[in-house]
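One letter stands for each residue in the lines below.
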Amino acid sequence: MDHQAVMEKYEHFLNMFRLVILSQIFVSSVSIITLWFLFIMSFSNDDKYKDSDSVFKKCVFITLGILCEIFILCYLFGKLHDQKDSIIFGLYSSNWTEMDMKCKKLILLTMKMNNANQKKLKFTRTKIVNLEMFFKTMSDCYSIISVLINLSDY
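Fair warning: this is a prediction, and the values are worked out from it, not measured in the lab.

A. Here's a closer look at the packing of aromatic side chains. Scanning all chains against the criterion turns up five aromatic pairs. Between Phe13 and Phe17, the aromatic rings sit 5.1 Å apart at their centres with planes inclined by 45 degrees, giving tilted as the arrangement. With Phe13 and Phe17 both in helix 1 (residues 2–41), this residue pair falls four residues apart, about one helical turn. Taken together through their ring pairs, the aromatic side chains of Phe71, Tyr75, Phe134 and Phe135 make up a single cluster.

Shown next, in the form of structure tokens:
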């Protein structure tokens, strides 16, 4: 019953904050792209990107803060999903095959319920918010920044 209460609270939390968290990740990624592009272009010979040293420092510290924010979000949700999935694995790993029929049915029913309740915070149908998504997002940001820098040379 405790597990059911936790699952209800988790589902309620996802329903309340799903849009906010996913939009925060998106906006933070766009901010990282913009800040790093401006930072890298400030080293170019083009005068329109030249600024003072304090702007450089602010740009770097803001970017590091945003990176930490995205990392923490992805890490915590990945950890939460792993902990939720470990419940099913823990049930399966127990010696349930040696128990009486009532316990076997109860454990199998619990495993089915947990498998049916695969609520995870997803960015798309296939992209789950976890550390893998963080590294994929950073890779995409790097690709976009390199394309922008190459386009700015023309």
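Now that the structure has been shown, the text picks up again.
B. Looking closely at the pattern of salt bridges. On inspection of all chains with the given rule, the structure shows one salt bridge. One salt bridge connects Lys136 with Asp140, and the closest N-O pair in it is separated by 3.1 Å. One end of the pair is Lys136 and the other is Asp140, both in helix 4 (residues 131–152) and four residues apart, which spans about a single turn.

C. Layout of a nonpolar patch on the surface. Nonpolar side chains collect at one region of the surface, where Phe13, Met16, Phe17 and Val20 lie side by side and expose about 350 Å² of accessible area between them. Mapped onto the elements of the fold, Met16 is located in helix 1.

D. Just the nonpolar core, in detail. Core analysis: the biggest nonpolar cluster contains 28 residues, and Ile70, Phe77, Leu121, Val129 and Met138 have the highest contact counts within it. Elements with a contribution of two residues or more to this core: helix 1, helix 2 (53–93) and helix 4. At twelve residues, the largest contribution of residues to this core is made by helix 1. When near neighbours in sequence (up to four residues on either side) are disregarded, Leu121 contacts Tyr10, Leu14, Arg18, Ile21, Leu22, Phe77, His81, Lys127, Ile128 and Val129.

The rules behind the values
Position numbers for residues count from 1 along each chain, tracking the sequence in the order it is written. It should be noted that, the model being predicted, local features are given only for residues of pLDDT at least 70 and side-chain atom pairs only at 80 or more, the latter also being counted only at that level, while totals for whole chains, interfaces and linings use all residues. For side-chain calculations, the full set of non-hydrogen atoms in the structure is used, while hydrogens and water are omitted. Any two rings among Phe, Tyr and Trp, with Trp reduced to its six-membered ring, count as a pair given centres within 6.5 Å; such a pair is stacked if its planes are under 30 degrees apart, edge-to-face if over 60, and tilted if neither. Helix and strand assignments come from DSSP, with helices taken as H or I runs of at least 4 residues and strands as E runs of at least 2, each series counted from the N terminus. Just to be clear on terms, a salt bridge is a Lys or Arg side-chain nitrogen sitting within 4 Å of an Asp or Glu carboxyl oxygen. Any residue with relative accessible area above 30% and no salt bridge may belong to a patch, with like charges joined within 9 Å and the nonpolar Val, Leu, Ile, Met, Phe, Trp and Tyr side chains within 5 Å. All accessible-area figures derive from a Shrake-Rupley calculation using a 1.4 Å probe, and residue coverage is judged against the displayed protein chains alone. Here, the term nonpolar core denotes a set of buried Ala, Val, Leu, Ile, Met, Phe, Trp, Tyr and Cys residues that are joined through side-chain atoms within 4.5 Å. In this scheme, a residue with accessible area under 20% of its type's maximum is buried, one over 50% is exposed, and one in between is partly exposed, where area comes from a 1.4 Å probe on protein chains only. Between two residues, a contact is recorded if the distance between any of their heavy atoms is within 4.5 Å.

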